[in-house]
Amino acid sequence: MSEIAEEFDNNKIPVKKLWQVITASSVGTVIEWYDFYIFGSLSSIISLSFFPKDDPTAAFISTLAAFGAGFVARPFGGIIFGKLGDQIGRKYTFLLTLLIMGGATFAIAFIPNYSQIGIWAPAILLLLRILQGLALGGEYGGAATYVAEYSPDAHRGKYTSYIQTTATLGFFVSILVILACQMIMGETVFKEWGWRVPFALSGILVIVSYFIRRNMHESPLFSRLRKEGKLSENPLKEAFASKSNRRLMLIAMFGAIVGQGVVWHTGQFYAQIFINKILKVDFTTTNLVIAVSLVVGTPLFVYFGALSDRIGRKKIMMTGMACAALFYYPLFYWMSVIVEQEGTLVNDVVTLTMFGKVQLAFICSVLVTFAALAYGPIAAFLVELFPTSIRYTSLSIPYHFANGVFGGCAPFVATWLGAMTHSNFSGIFYPISLAALTFIIGTIYLPETKGRKL
């Protein structure tokens, strides 16, 4: 048996090598998510740098729209880089996406303010945000596919779930960097120009990650297909030419990914916006509450991923959708009650008691738990759903379309709905309805993929 054929049996790959693959993939992916989400974490501050200051609410919603544009660009990145990943390899594709993402994030640090260059400021910001979205559209599919094709069949949910933690960890790192910079510089300086430092730091992080990833080998399954001359000549065409594959992409999108997208972003990003902008809790407290919930919730992504190896992917993902649909309204309402009872409003900013902070952190931890249920097993599920020759493309398109258009825009849509209706809670019905719809479609049509060989 040749070396490639031996390596192809992913059940025989040494654990040490598998962990090297997971570490190299995860470090780079965490950095890409940091780059992508640092924008959202700072949206309330940078809105007044890149948009007119005379209407802070409009500026904030415009910033969220630019934030959402990166998500809308993700499916196009999935198309472009998915095709490249299925033709030239998983490794080289997500090296390229890493450099594009890092370069765009680094450049945001140096965009002049609206007061300096006018409309060009938001225009450049939007362009760089779209580049970030295109890069992320190629990154996730490559990392998930790469790790899954190395993972043993019986533990694929467990090992791919480490990739699932990277989005939350990237968000967590972004919050830590922001809080550290604010503490060192002081709030006034940070709001004036110090917010640019977290973007600039991306340049260093990307260089480190590039050298870690540069020495990675191509995935064994892709290597075997290339050796045997079985690579897809046009993966995009093949993904849509097959009626059965088109059906699988639609089922995956509306039976799993749409709900997963809104549950993940609502439980973390919209929760942050709701506490800070709607309930008016101070910026530092908001980020500390979210950071605590991420520390508590992140290990659950791995737990539920590993659990899916035993009881199935579908049950766990559907449980996450159902919990979100049933409990979002009472949990967000509870947060408003806590702020009303435990908060003191001074100069339009609420300061919370310690008991209030603990209660908010508990609720946000529950929200992250729903996200872990929906998101932890989904990488293994998607990889097992599609054939190797067109896997990168078939996975990336529905994942990034659903996550980008429905999930990533959830903070913008929910905030916009609240502003239009002058209600703190009308926005939450957007993720509730999509989570419920996904639960119904997924329960009826979603196949169970646990145990499938790649």
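Residues numbered from 1 in each chain as written. Predicted model: local features only at pLDDT ≥ 70, side-chain atom pairs only at ≥ 80, totals over all residues. Heavy atoms only, no water.

**Thoughts on the pairing of strand 2 (residues 349-352)**
Working note: regular strand, side chains alternate between the two faces of the sheet. Every second residue of strand 2 is oriented toward a common face, the buried set being V350 and L352 and the non-buried set V349 and T351. By the bridge criterion, four bridges tie strand 1 (residues 343-346) to strand 2 in an arrangement that is antiparallel. Looking at strand 2, one finds that T344 is bridged to T351. Here strand 1 folds back onto strand 2, and the loop between the two strands holds two residues, one of which, N347, carries a positive phi near 55 degrees. (Buried < 20%, exposed > 50% of the residue type's maximum accessible area, 1.4 Å probe, protein only. Helix = DSSP H or I, 4+ residues; strand = E, 2+ residues; numbered from the N terminus. Pairing = 2+ DSSP bridges.)

**Some points on the packing of helix 14 (residues 243-278) against helix 20 (residues 410-421)**
Helix-helix packing is characterised by the crossing angle of the two axes and by the distance between the axes. The geometry of helix 14 relative to helix 20 is characterised by a closest axis approach of 9 Å and an angle of 55 degrees between their N-to-C directions. Here helix 14 lies oblique to helix 20, going by the angle between them. As for how helix 14 packs across helix 20, the hand of that crossing is right-handed. The residues of helix 20 that touch helix 14, namely those facing V262, H265, T266, F269, Y270 and I273, are A410, P411, A414 and T415. Here the contact of helix 14 with helix 20 is built from residues that sort into seven nonpolar, three polar and no charged. (Axes fitted to C-alpha atoms, helices over the stretch in contact; angles between N-to-C directions. Parallel < 35°, antiparallel > 145°, perpendicular 65-115°, else oblique. Left-handed = near helix turned anticlockwise from the far one by under 90°. Contact = heavy atoms within 4.5 Å. Nonpolar A, V, L, I, M, F, W, Y, C, P; charged D, E, K, R; others polar.)

**Here's the deal with the pattern of salt bridges**
As enumerated under the stated definition, the model contains seven salt bridges in all. For R313, the salt bridge goes to D309, with nearest N and O atoms at 2.8 Å. Across the pair, D309 and R313 agree in class, each one buried. Three or more residues joined by partner-sharing salt bridges are found here, namely D153, R156, D309, R313, E384 and K453. (Salt bridge = Lys/Arg side-chain N within 4 Å of Asp/Glu carboxyl O.)

**What to know about a nonpolar patch on the surface**
Side chains of V27, L201, I204, V208 and I212 sit close together on the surface and give an oily, nonpolar patch of about 380 Å² of accessible area. The element that contributes the greatest number of residues to the nonpolar patch is helix 11 (residues 202-214), accounting for three residues. The topology assignment puts I212 in helix 11. (Patch = residues over 30% accessible without salt bridge, like charges linked within 9 Å, V, L, I, M, F, W, Y side chains within 5 Å. Areas by Shrake-Rupley, 256 points an atom, 1.4 Å probe, with all protein chains shown as cover.)

**Points about helix 7 (residues 120-150)**
Between its first and last C-alpha atoms helix 7 spans 46 Å; for 31 residues at 1.5 Å apiece the expected length is 45 Å, and the two agree. Here helix 7 lies mainly inside the structure; 24 of its 31 residues are buried. (Expected span 1.5 Å × (residues − 1).)

**Points about the nonpolar core**
Grouped together as the largest cluster of nonpolar side chains are 126 residues, with contacts concentrated most on Y140, V263 and M335. Counting residues per element, this core draws most heavily on helix 14, which supplies 16 residues. Beyond its immediate stretch of four places on either side in the chain, Y140 contacts W33, I163, Q164, Y375, I378, A379, L395, Y399 and H400. (Core = buried A, V, L, I, M, F, W, Y, C linked by side-chain atoms within 4.5 Å.)

**Details of unusual backbone geometry**
Even without being a glycine, K280 presents a positive backbone phi close to 65 degrees. In this fold, K280 is placed in the loop between helix 14 and helix 15 (283-311). K280 sits in the partly exposed class, given a relative accessible area of 31%.

**Brief notes about the confidence of the model for the protein chain**
With 94% of its residues at a pLDDT of at least 70, the protein chain reaches an overall mean of 85. Counting contacts from residues 1-8, a segment whose pLDDT is below 50, to residues more than four positions away or on other chains yields 13 contacts. (pLDDT = per-residue confidence, 0-100.)

**Points about the packing of aromatic side chains**
What describes a pair of aromatic rings is the distance from one ring centre to the other and the angle between the planes of the rings. Taken as a whole and assessed by the stated rule, the structure comprises 24 aromatic pairs. A ring pair is formed by F274 and F425, whose centres lie 6.1 Å apart and whose planes are at 45 degrees; its orientation type is tilted. Here F425 lies in the loop between helix 20 and helix 21 (429-445) and F274 lies in helix 14, a separation of 151 residues in the sequence. F425 shares its class with F274; the two are buried. What links up through ring pairs into an aromatic cluster is the set Y270, F274, F327, Y328, Y329, F332, Y333, F370, F425 and F429. (Phe/Tyr/Trp six-rings, centres within 6.5 Å; stacked < 30°, edge-to-face > 60°.)

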